[in-house]
Amino acid sequence: MADVLVIGGGVIGLATALELRQRGLTVTVLERDVCGQAATWAAGGMLAPEAERLEGDLRELGIRSRSLYAEWIRKIVHLTGQSCGYWCCGILSPISCSDADAETVKEHPKYIDRVHLDKRQSGLGDSVSGALWLPEDGQVDNRLLAKALILALRSLDVEILEGTSVDRIVTQGDRVLHLETSRGKLKAEHYLLATGAWARSLLPLPISPRKGQMLSVFDPNRSLQTVIFGKNTYLIPRQDGTLVIGATVEDVEFAPGNTGAGMHRLLSQAIALYPAIADMTIQETWWGFRPHAPNEIPILGASHYENLSLATGHYRNGILFAPITAQFLTDWICDRKVDPLLKALSDFR
Ligand code: FAD
Ligand code: GLY
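Residues numbered from 1 in each chain as written. Chains lettered and ligands numbered in written order. Predicted model: local features only at pLDDT ≥ 70, side-chain atom pairs only at ≥ 80, totals over all residues. Heavy atoms only, no water.

### Describing the packing of aromatic side chains
- Scanning the model with the defined rule gives seven aromatic pairs in all.
- Centroid distance Phe229 to Tyr234: 5.9 Å. Interplanar angle 15°. Geometry classified as stacked.
- Residue classification places Tyr234 among the buried positions, given a relative accessible area of 8%.
- Seen from their ring centres, Phe254 and Phe289 are 5.1 Å apart, and the 70° between their planes marks the pair as edge-to-face. With Phe254 in the loop between β16 (242-246) and α7 (260-273) and Phe289 in strand β17 (residues 281-292), this pair connects stretches of sequence that are 35 residues apart.
- Above the face of the Trp332 ring, Arg336 is positioned so that its terminal group lies 4.3 Å from the ring centre. (Phe/Tyr/Trp six-rings, centres within 6.5 Å; stacked < 30°, edge-to-face > 60°. Buried < 20%, exposed > 50% of the residue type's maximum accessible area, 1.4 Å probe, protein only. Helix = DSSP H or I, 4+ residues; strand = E, 2+ residues; numbered from the N terminus. Lys NZ or Arg CZ within 6 Å of the ring centre and 35° of its normal.)

This is the structure we're talking about:
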């Protein structure tokens, strides 16, 4: 019997399993499909508390997590020898003359006009009049990160049970007794729910899916060297020439598939932002489901059951929030320690 059973092998479950293991607990991860797929695979991997315009405590959560990233990635690379595509490339957030807030944005300390913008990144569309330059925002390759996390966990003897669906959390009073799974009954000292957009199927939590459609093109000249975060579209250049274009935000439950309208909207906005995309070949299209929570505040920490903790609802920023989530949840599970920021977020919720 493990000390902790982690339900869900996305970035949140994997990152927390790693932190728990490194604090000396035995951990098993239960994943109904393959770890690191779902939203973790679908994401853009931006580490962008500023570009995403997070506010208040959520912004602090994002900035603290972003500041943990370099060291966190170093640890994962040390354990695995695998690159995670972590790139402090900065983010440009373009402004158009027609934007309602175009004049106010000019007062922002990080505003640069078109002349300065062109020196940093040439080739943006004609409607762009300037940008916010956010040098501390950046990106990680979320697919490489997930693979490296899985390897890191295996290297530390964490058991990963893929193809294992948790069907029911069986409780009595204020305790979880066991899990009913496709492998039968499983028991541990503690349980962590990290099932992303699907959290509602195991507990009555206010989590719902928000579909995001994405595509990628190939930029043979690697002409874009920074993330461009437009009003409705973002462009994320990977170091191998892949250019990721995202993303729609749709309230359509778990409706699968890329749609003509979704792809049309993304491509036309992307070409307006960076016209060279018109001549780049399409590599891949995909979609995923963000776990949305009320006020976009993740649900982290205690549940109604003393031996069950929650880590879900990371919505648009789960890749960014992974290291701080792992730290907060491990502090909570091991020592019942609650960071004041975590308390402030829970109070707001
Ligand atoms: P998931 O990655 O969805 O993992 C949950 C796992 O739980 C899944 O593997 C699922 O199979 C498993 N599971 C569910 N139910 C059960 C069960 N009953 N039994 C066993 N296993 C179960 N974030 C950023 O920080 N930056 C970005 O640029 C970014 N871009 C995004 C773009 C798109 C299009 C999308 C969809 C998301 C984006 N996100 C981004 C958000 C980020 O991807 C998510 O917040 C994050 O992946 C959530 O991680 P998770 O582990 O909670 O969920
Ligand atoms: N954070 C980018 C997205 O969710 O689309």
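Moving on from the model shown.
### Some remarks on the sheet that holds strand β8 (residues 159-162)
- Across the sheet, which stays open at both edges, the six strands sit in the order β8-β2-β1-β12-β19-β18 with mixed pairing between neighbours. With partners counted over all chains shown, the strands left at the sheet margins are β8 and β18 (299-302), one partner each. Averaged over all pairs of adjacent strands, the angle between their axes in this sheet comes to 15°, without regard to strand direction.
- Two strands pair when backbone bridges link them, and β18 and strand β19 (residues 308-312) are joined in this way by four bridges, in the antiparallel orientation. Considered in β19, the bridge of Leu300 is made with Ala311.
- Across the sheet, helix α8 (residues 318-335) is in contact with β1 (4-7), β12 (190-193), β18 and β19; its angle to β19 comes to roughly 170°. (Pairing = 2+ DSSP bridges. Axes fitted to C-alpha atoms, helices over the stretch in contact; angles between N-to-C directions. Contact = heavy atoms within 4.5 Å.)

### Points about helix α9 (residues 340-348)
- All buried positions along α9 are accounted for by Leu341, Leu342 and Leu345. In an axial view of α9, the angular spread of the buried residues amounts to 100°, which keeps them on one side of the axis. The exposed residues of α9 that point more than 90 degrees off its buried face are Pro340 and Asp347.
- Buried positions along α9 lie against α3 (56-80), β18 and α8.
- Where α9 starts, the residue carrying a side-chain oxygen 2.8 Å from the main-chain nitrogen of Leu341 turns out to be Asp339. (Arc of directions from axis to C-beta. Polar contact = N/O pair within 3.5 Å; in protein donor to acceptor, adjacent residues only side chain to side chain.)

### Concerning the sheet that holds strand β13 (residues 208-218)
- The eight strands lie next to each other as β5-β6-β4-β14-β15-β16-β13-β17, forming an open sheet whose pairing is mixed. Two strands bound the open sheet, and with one partner strand each, they are β5 (111-113) and β17. Strand after strand, the sheet turns through a mean of 25° between neighbouring axes, direction not considered.
- Relative to β16, β13 is paired through five bridges, and the arrangement is antiparallel. By the bridge assignment, Val217 is partnered in β16 with Leu243.
- Across the sheet, α7 touches β4 (91-96), β6 (128-134), β13, β14 (227-229), β15 (234-237), β16 and β17, and the angle it forms with β13 is around 55°.

### Thoughts on the site of ligand 1
- Taken together, 39 residues surround ligand 1, and among them Glu31, Thr40, Met46, Tyr315 and Leu320 come closest.
- Interatomic distance of 2.6 Å between a side-chain N/O atom of Glu31 and an oxygen atom of ligand 1.
- Note that an oxygen atom of ligand 1 is positioned 3.0 Å from one of the backbone N or O atoms of Ile319.
- Within the complex, the protein chains bury 99% of what would otherwise be the 1,000 Å² of accessible surface of ligand 1.
- Those elements giving two or more residues to the shell around ligand 1 turn out to be α1 (11-22), β2 (27-31), α2 (38-42), β13, β17 and α8.
- Grouping the amino acids of the shell around ligand 1 by side-chain chemistry returns 19 nonpolar, 15 polar and five charged. (Near = heavy atom within 4 Å. Areas by Shrake-Rupley, 256 points an atom, 1.4 Å probe, with all protein chains shown as cover. Nonpolar A, V, L, I, M, F, W, Y, C, P; charged D, E, K, R; others polar.)

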